[in-house]
Amino acid sequence: MKKFIIILLLLLFCNTADAQWASRRPTTSIVDLTDSGTEYSLAIGTASRPASQIQVKCRTSSAIRMAFASTGTSATYTTIPSGGTFFENDLRFIGTLYLRGNANSLSAEVLVWD
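Everything quoted here is computed from the prediction, not taken from an experiment.

Draft legend 1. Layout of the packing of aromatic side chains. This structure, assessed with the given rule, holds 3 aromatic pairs. Where phenylalanine 68 meets phenylalanine 86, the ring centres are 6.3 Å apart and the plane angle is 55°; that geometry is what we call tilted. Of this pair, phenylalanine 68 sits in the loop between strand S4 (64–67) and strand S5 (78–80) while phenylalanine 86 sits in strand S6 (residues 85–88), and the two are 18 residues apart along the sequence. When its relative accessible area of 39% is taken as the criterion, phenylalanine 68 is described as partly exposed. Phenylalanine 86 gets classed as buried once you look at its relative accessible area, which sits at 17%. With a centroid separation of 6.0 Å and an interplanar angle of 80°, the aromatic rings of phenylalanine 87 and tryptophan 113 are classed as edge-to-face. Linking phenylalanine 87 in strand S6 with tryptophan 113 in strand S8 (residues 106–113), this pair joins segments that are 26 residues apart in sequence.

Draft legend 2. Main features of the nonpolar core. One finds Val31, Leu33, Ile44, Val56, Ile64, Leu99 and Val110 to be the most contacted residues of the largest nonpolar core, which totals 20 residues. Looking at this core, the elements that each hand over two or more residues are strand S1 (27–33), strand S2 (40–44), strand S3 (53–58), S4, strand S7 (95–101) and S8. Filtering out sequence-adjacent residues up to four positions away, leucine 99 remains in contact with Val31, Leu33, Thr38, Glu39, Tyr40, Val56, Arg65, Met66, Tyr77, Ala108 and Val110.

Draft legend 3. Highlighting the sheet that holds S6. Taken together, 4 strands build an open sheet; the order of strands is S1-S8-S3-S6 and the sheet is antiparallel. Every other strand in the sheet has two partners, leaving S1 and S6 as the edge strands with one partner each. Here the average twist between neighbouring strands, direction ignored, is 15°.

Draft legend 4. Broad picture of the sheet that holds S5. Spatially, S2-S7-S4-S5 is the arrangement adopted by the 4 strands of the open sheet, whose pairing is antiparallel. Since the sheet does not close on itself, it has two edges, and those belong to S2 and S5, each with one partner. When strand polarity is set aside, the average angle formed by the axes of neighbouring strands in this sheet is 30°. The pairing of S4 with S7 spans 4 bridges and is antiparallel. In the sheet register, alanine 67 faces S7, and the bridge partner there is tyrosine 98.

Rules of the game
Residues numbered from 1 in each chain as written. Predicted model: local features only at pLDDT ≥ 70, side-chain atom pairs only at ≥ 80, totals over all residues. Heavy atoms only, no water. Phe/Tyr/Trp six-rings, centres within 6.5 Å; stacked < 30°, edge-to-face > 60°. Helix = DSSP H or I, 4+ residues; strand = E, 2+ residues; numbered from the N terminus. Buried < 20%, exposed > 50% of the residue type's maximum accessible area, 1.4 Å probe, protein only. Core = buried A, V, L, I, M, F, W, Y, C linked by side-chain atoms within 4.5 Å. Contact = heavy atoms within 4.5 Å. Pairing = 2+ DSSP bridges. Axes fitted to C-alpha atoms, helices over the stretch in contact; angles between N-to-C directions.

So, in structure tokens, the structure goes:
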């Protein structure tokens, strides 16, 4: 009887752990930065599922800029250097991510964990 209870507890724990990690898989979005200097946006998070982690990088070897507020000036943007990656965790973000390319025809890869 003890072995049965231990096995049952292990099965319950494993299923709970799998369910917890299944909800932690990232959603990948590709944002095409067609024109240099033009601001592009991506809505992130919802009231029921705010973003807990964000990763942003350019798919080619070029620098891109990102911001969490749209102001039209470059002062609020963070530059992600060529070959670099922006990563932020421990968030509860609901809002919009703004991206700009430093050249034409770029693509930004955005991974968001909820």
